[in-house]
Amino acid sequence: MTKKAANAEQAVRIAAGKSIEASLQNTFAVGGVLIDNRSGTALCALHNNVLEDFENSKLFLLHDPTAHGERQIVDWYFKNRKRLNLPDPGKLSVITTLDPCAMCAGALLTAGFNVGVSAIDNYAGINYNEAFDFPSVPSRWRSVAQSSFAYYGVEAPIRRAYRGGKRVAFAKQTISAFTFCLTGTIFESSVNSVRALDNNSGQDPSKLTNPKNLPRNSTVRKALLDAYPEAFSVTCPKPRLPGTEIARALLNTAKKAHRRGAAFNSVAFLDPFGNLLLCLGGAEERSPIRTAFMEVTRAYAHTRWVLMNHRDKSVREQAGNVLTHPKYGTFVSLYSPDPNTPQGLMTMGAYGSTMEGPIPETFPSNLQYVLLPEGVSQADVSEMAMGLPPFYTTGVQVAPSQVLDEGLIEETRSSV
Ligand SMILES: [Zn+2]
């Protein structure tokens, strides 16, 4: 990328160009660009890739529920930081066509980037109330958000005043009403067309067959074992009531992650039959936003995307019969999302994006944790969930809860 932006209008236009590419890909039309504050150089421009073709197959588009433009830019930065000798995140700005969602806002705050925004998203955006007070952000991080996030002014006839900190690229500048309207309307129209696709919902669990009974050499089973070599080693009799049977997997995975420099945490994913399909740690040693939950939801979506687009029709059918939407499964993390950190905000946001919309009403919730971080109560975790933007509260109804099995809590607590 050798493009340069001389002002906010030009920067937003680079991002808007990406949002047009996203709309042609039939995914959410949002784009972003990473700008060097000092020179205006565009270092990387990316768009939403939640829905993506697989090698020209348009059979099944759900590729990665976390592949929002901003989240990808953060991972791109940490992957290329050394090689390209990139400046610190505080000297860079992610300019985006749409206000970041909870996941992306958490990722951007974690990494320390400045953020410049064109259109507002009253449903899932972190500034959904347009009050610039960031009620969803952990309280001690709100002032950080107020100094690093900026909403560019918009010229007549919109006449929006600039709101934001001074550290963002092109601080205090305005953009044209034309560009502002493009960024908003292209997103809104893409939401409708993505909904119309309706190829991601998956089978109701009552229509599924148990993948545990697949032959060892079946393509689907092999793909699951590739993603997690110990898949199927454990089955919970009641998937929403995981017990001590998953303690060993959670602890061993967290220990392994910690040894290579990631956080001491792990997330298990149980399918509707209670099979442990995945149990992964984070990769924070490579990028601070690659938490265990991010790795697990991406691994499941990727495995399903590849299988559901397989050139062999029988493999596609088999995959559709045994794997379904993650909303029917259960995520169990060793440690709950930490409501005092932007990573906690990101994790809850990523869970919301994974669910995509209203989830089947279930008790307990399909987002569970075994232990609480030091100094954090169950009420603190629930309070963060209830303070999220409307998409997460009234839409998905994010409700993390502690596992009910006391034995599982005891066994893990005594080993950490
Ligand atoms: Zn996002």
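These numbers come from a predicted model, not from an experiment.

Moving on: the domain arrangement of the protein chain. Each assigned domain of the protein chain is listed here: domain 1 (8-197) and domain 2 (205-413). Listed as interface residues are 33 residues of domain 1 and, on the opposing side, 34 residues of domain 2. Counting residues per element, the ones that place at least two in the side of domain 1 that touches domain 2 are helix 2 (69-80) and helix 3 (102-111). With eight residues, the top contributor of residues to the side of domain 1 that touches domain 2 is helix 3. Looking at the side of domain 1 that touches domain 2 residue by residue, the class counts come to 22 nonpolar, seven polar and four charged.

Below, the discussion takes up the sheet that holds strand 11 (residues 330-335). Strand order across the open sheet formed by five strands is 10-9-11-12-13, with mixed pairing between neighbours. The strands lining the two open edges of the sheet, one partner per strand, are strand 10 (276-280) and strand 13 (401-402). For strand 12 (residues 367-371) and strand 13, the ladder comprises two bridges, and the chain directions are parallel. Looking at strand 13, one finds that Q368 is bridged to S401. Packing of helix 7 (residues 247-259) onto the sheet brings it into contact with strand 9 (267-270), strand 10, strand 11 and strand 12, and relative to strand 10 it is tilted by some 30°.

Moving on, we come to the pairing of strand 1 (residues 31-36). Burial analysis of strand 1 places five of its six residues in the buried class, the great majority of the element. By the bridge criterion, five bridges tie strand 1 to strand 2 (residues 42-47) in an arrangement that is antiparallel. Residue pairing for strand 2: G31 is matched across the bridge by H47. Hairpin connection, strand 1 to strand 2: the antiparallel pair is bridged by five residues, and G40 has positive phi, about 80°.

Let us look at the nonpolar core. With 122 residues, the main nonpolar core has A11, L108, A268 and L278 as its most contacted residues. When we break this core down by domain, the ones giving at least three residues each are domain 1 (8-197) and domain 2 (205-413). Residues within four places of L278 in sequence aside, it is in contact with A227, Y228, A231, A268, F269, V296, A299 and Y300.

Next up on the list: the packing of helix 8 (residues 292-308) against helix 9 (residues 313-322). For the pair helix 8 and helix 9, the least separation of the axes is 8 Å and the interaxial angle reads 140°. It follows that helix 8 is oblique to helix 9 by the angle criterion. For the pair formed by helix 8 and helix 9, the contact residues are R304, L307 and M308 on the first element and V315, R316, A319 and G320 on the second. For the contact of helix 8 with helix 9, a count of residues per class yields four nonpolar, one polar and two charged.

Relative to the helices and strands, D338 resides in the loop between strand 11 and helix 10 (342-355). You can call D338 buried: it has 22 C-beta atoms within 10 Å. Each C-alpha atom of the pair D338 and Q318 lies 38 Å from the other, and the pair is 20 residues apart in sequence. If we skip the residues at most four places from it in the chain, D338 touches Q343, G344, P373 and V376.

Moving on, we come to the sheet that holds strand 2. Within a beta sheet, neighbouring strands are joined by backbone hydrogen bonds and run either parallel or antiparallel to one another. Within the open sheet, the six strands sit side by side as 2-1-3-4-5-7. Their pairing is mixed. Each of the sheet's edge strands pairs with one partner strand only, and the pair in question is strand 2 and strand 7 (163-164). Taken together, the five bridges between strand 3 (residues 92-98) and strand 4 (residues 114-119) define a ladder with parallel strand orientation. Bridged to V94 within strand 4 is V115. Seen against the sheet, helix 5 (residues 177-197) touches strand 3 and strand 4 and runs at an angle of roughly 80° to strand 4.

Here P157 lies in the loop between strand 6 (153-154) and strand 7. As a C-alpha pair, P157 and S176 span 19 residues in sequence and 9.3 Å in three-dimensional space.

The next thing to look at is helix 1 (residues 8-24). Along its 17 residues, helix 1 runs 25 Å from first to last C-alpha, staying within 8% of the 24 Å computed at 1.5 Å per residue. Where helix 1 is concerned, the buried positions are A8, A11, V12, R13, I14, A15, A16, K18, S19, A22 and S23. Taken from the residues just after helix 1, N26 is the one with a positive phi, measuring 65°.

Once that is clear, we can look at the environment of I359. On the secondary structure map, I359 appears in the loop between helix 10 and strand 12. Taking the C-alpha atoms as reference, I359 lies 22 Å from I126; in sequence the two are 233 residues apart. Apart from the residues within four sequence positions on either side, I359 is in contact with K327, N366, V396 and Q397.

Residues A156 and P157 are joined by a peptide bond in cis, for which omega reads 5°. You will see that E55, though not glycine, has its phi angle at about 40°, which is positive. Assessed through the 7 C-beta atoms surrounding it within 10 Å, E55 is described here as exposed. One non-glycine residue, Q397, lies in positive phi territory at about 60°. Examined against the element boundaries, Q397 turns out to sit in the loop between helix 12 (390-396) and strand 13.

Conventions used here
- Residues numbered from 1 in each chain as written.
- Predicted model: local features only at pLDDT ≥ 70, side-chain atom pairs only at ≥ 80, totals over all residues.
- Domains from an automatic or database assignment.
- Contact = placed C-beta atoms within 7 Å.
- Helix = DSSP H or I, 4+ residues; strand = E, 2+ residues; numbered from the N terminus.
- Nonpolar A, V, L, I, M, F, W, Y, C, P; charged D, E, K, R; others polar.
- Pairing = 2+ DSSP bridges.
- Axes fitted to C-alpha atoms, helices over the stretch in contact; angles between N-to-C directions.
- Buried ≥ 20, exposed ≤ 12 C-beta atoms within 10 Å, placed from the backbone.
- Core = buried A, V, L, I, M, F, W, Y, C linked by C-beta atoms within 7 Å.
- Parallel < 35°, antiparallel > 145°, perpendicular 65-115°, else oblique.
- Expected span 1.5 Å × (residues − 1).

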